[in-house]
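In case you want the letters, here they are:
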Amino acid sequence: MQPRNTHLNSAALRGAVDLAAVKAAGEAAQKAEQARVERARQVEAGEAVGPGYQLVLDVTEETFEEEVVQRSTEVPVVVDFWAEWCGPCKQLSPILERLAEEYAGRIVLAKIDVDANQLIAQQFGIQGIPAVMAVVAGQLVPLFQGAENEANVRKILDQLIAVAEQRFGIVGGGAAPADDAPVAPRRPEDPALAAAHEALDTGDLPGAIQAYQNVLADQPGNAEAQLGLAQAQLLHRVAGFDVQAVRTAAAQGPADVRAQLDAADLELVGGHVEDAFGRLVDTVGRTAGADRDAARLRLLELFEVIGPDDPRVVAARTALARVLF
């Protein structure tokens, strides 16, 4: 039997980090624009305008891919984890259902019975219910756990809708634009940005880093280039890591800042976002001087990989502020 290869390669890492998210914003924006154009046409023609899909649906392990993951490219999908025996669920679920109808297509509510769909609950890391998450453009967005009143739920959903539109260009099938609302022309992709994406997709990490830096030199505020650069730099750092060695060094050396930085990178690549953030926040809290600066700066770099509007980033920023001040 051949020994198991515990070294990471860039192709595997691209899949683990889901670097399709680098281009998801642009692609989703184009889909959203097409939907706006179609709704404008329907309004002009006097046709009924609706979301074209159920607003509240029961989802199972068999239908999850289609009803949640695929649909999330068109509309934010709010996922309500519940069970028949759960008292707080019976208070929260009607609120979510009522708001889903009220929002008229700007979100879809997917209800998942954790008793009947234990595999999905395990994959989402559900430890208590009610628990509410969202999926937008295939990306997981934790929302809240436990019962919430309607006012708070409304605020959370409003924020989710704003993030979906601003970050991914996804607007759902809600209210149609006014008759005289201008429709923005489709913006062609920047050739330099396309070249950077191509380098990233083919595993040319140094080339991708340089290409994204070139874009940012001309366009300092280009959010897509900033995200791509952060992801390319992360992949470049962890390429060739010996996974077991990194984990062992971090476990045996809590005071070894380099080991903690490497372990945090590895956790983020593996999708354990909260673990990566928590590790670095703890490292900042127990270090000083150059070590503290190194951990803080690495944490800020990882924030760029996930995106500033992600609730996990918002929570980690708050935790970081507590240990710094």
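Placed above this text is the structure.
The residue numbers shown here count from 1 along each chain, following its written sequence. Owing to the predicted nature of the model, reporting of local features is limited to residues with pLDDT of at least 70; listing and counting of side-chain atom pairs is limited to 80 or more, with chain, interface and lining totals taken over all residues. The side-chain numbers reported here are obtained from all heavy atoms of the structure, hydrogens and water having been left aside.

**Student:** Outline the sheet that holds strand β4 (residues 131-136), supporting the account with residue identities and numerical values.
**Tutor:** Note on sheets: strands pair through backbone hydrogen bonds, and any given pair is parallel or antiparallel. Note: two strands are recorded as paired if DSSP finds a minimum of 2 bridges between them. Strands are runs of DSSP state E lasting at least 2 residues, helices are runs of H or I lasting at least 4, and numbering of each runs from the N terminus. Strand order in the open sheet made by the 5 strands is β1-β3-β2-β4-β5, with mixed pairing throughout. Two strands lie at the open edges of the sheet, namely β1 (56-58) and β5 (139-145), each paired on one side alone. Neighbour-to-neighbour, the strand axes of this sheet turn through a mean angle of 25°, independent of strand direction. Here β4 pairs with β5 via 6 bridges, running antiparallel. Across the sheet, the residue bridging to A131 is Q145, located in β5. Between the N-to-C directions of two axes lies an angle of 0 to 180 degrees, each axis being a line fitted to C-alpha atoms and, for a helix, fitted only over the stretch in contact.

**Student:** For the pairing of strand β2 (residues 77-82), give the residues involved together with the corresponding values.
**Tutor:** With 6 of 6 residues buried, β2 lies mostly within the body of the structure. Partly exposed describes any residue whose relative accessible area lies between the buried limit of under 20% and the exposed limit of over 50%, with all areas from a 1.4 Å probe on protein chains only and scaled to the type maximum. The alternating pattern of β2 places V77, V79 and F81 on one face and V78, D80 and W82 on the opposite face, and all of these are buried. Relative to strand β3 (residues 108-113), β2 is paired through 6 bridges, and the arrangement is parallel. Looking across to β3, one finds that V77 is bridged to V108.

**Student:** Before we move on, could you go through the packing of aromatic side chains and cite the residues and values that matter?
**Tutor:** Any aromatic ring pair is given by two values, namely how distant the centres are and how the planes are angled relative to each other. Only Phe, Tyr and Trp rings are paired, with Trp represented by its six-membered ring, and only when their centres lie within 6.5 Å; those with planes under 30 degrees apart are stacked, over 60 edge-to-face, the remainder tilted. Enumeration over the complete set of coordinates arrives at 3 aromatic pairs. Ring centres 5.7 Å apart and planes at 80° place the aromatic pair F64 and F124 in the edge-to-face group. Here F124 lies in the loop between α5 (118-123) and β4 and F64 lies in helix α3 (residues 64-70), a separation of 60 residues in the sequence. Of the two residues, F64 and F124, both sit in the buried class.

**Student:** Describe the pattern of salt bridges, with residues and values.
**Tutor:** Throughout this description, the term salt bridge denotes a Lys or Arg side-chain nitrogen within 4 Å of a carboxyl oxygen of Asp or Glu. Applying the stated criterion across every chain, the model contains 14 salt bridges. Note that K111 is salt-bridged to E97, the shortest N-O span being 3.3 Å. In this pair, K111 sits in strand β3 while E97 sits in helix α4 (residues 87-102), placing the two residues 14 residues apart along the sequence. Between R296 and D293 there is a salt bridge; the shortest N-O distance is 3.9 Å. Of this pair, R296 and D293 both sit in helix α13 (residues 289-306), separated by 3 residues, roughly a single helical turn. Judged by relative accessible area, which is 25%, R296 ranks as partly exposed. D293 sits in the partly exposed class, given a relative accessible area of 36%.

**Student:** Outline the packing of helix α11 (residues 257-269) against helix α12 (residues 273-285), supporting the account with residue identities and numerical values.
**Tutor:** Where α11 contacts α12, the two axes come as close as 7 Å, and the packing angle between them is 160°. As the angle between them shows, α11 and α12 are arranged roughly antiparallel. For α11 against α12, the interelement crossing comes out left-handed. Across the interface between the two elements, V257, Q260, L261, A263, A264, E267 and L268 of α11 pack against V273, D275, A276, F277, R279, L280 and T283 of α12. Class assignment of the residues belonging to the contact of α11 with α12 gives a composition of 9 nonpolar, 2 polar and 3 charged. Note on terminology: angles under 35 degrees are roughly parallel, angles over 145 are roughly antiparallel, angles of 65 to 115 are roughly perpendicular, and the others are oblique. Whether a crossing is left-handed or right-handed is set by the direction in which the near helix is turned from the far one by less than a right angle, anticlockwise for left-handed and clockwise for right-handed. The contact criterion used throughout is that any non-hydrogen atoms of two residues lie within 4.5 Å. Three categories are distinguished: nonpolar for Ala, Val, Leu, Ile, Met, Phe, Trp, Tyr, Cys and Pro, charged for Asp, Glu, Lys and Arg, and polar for the others, with Gly belonging to the last.

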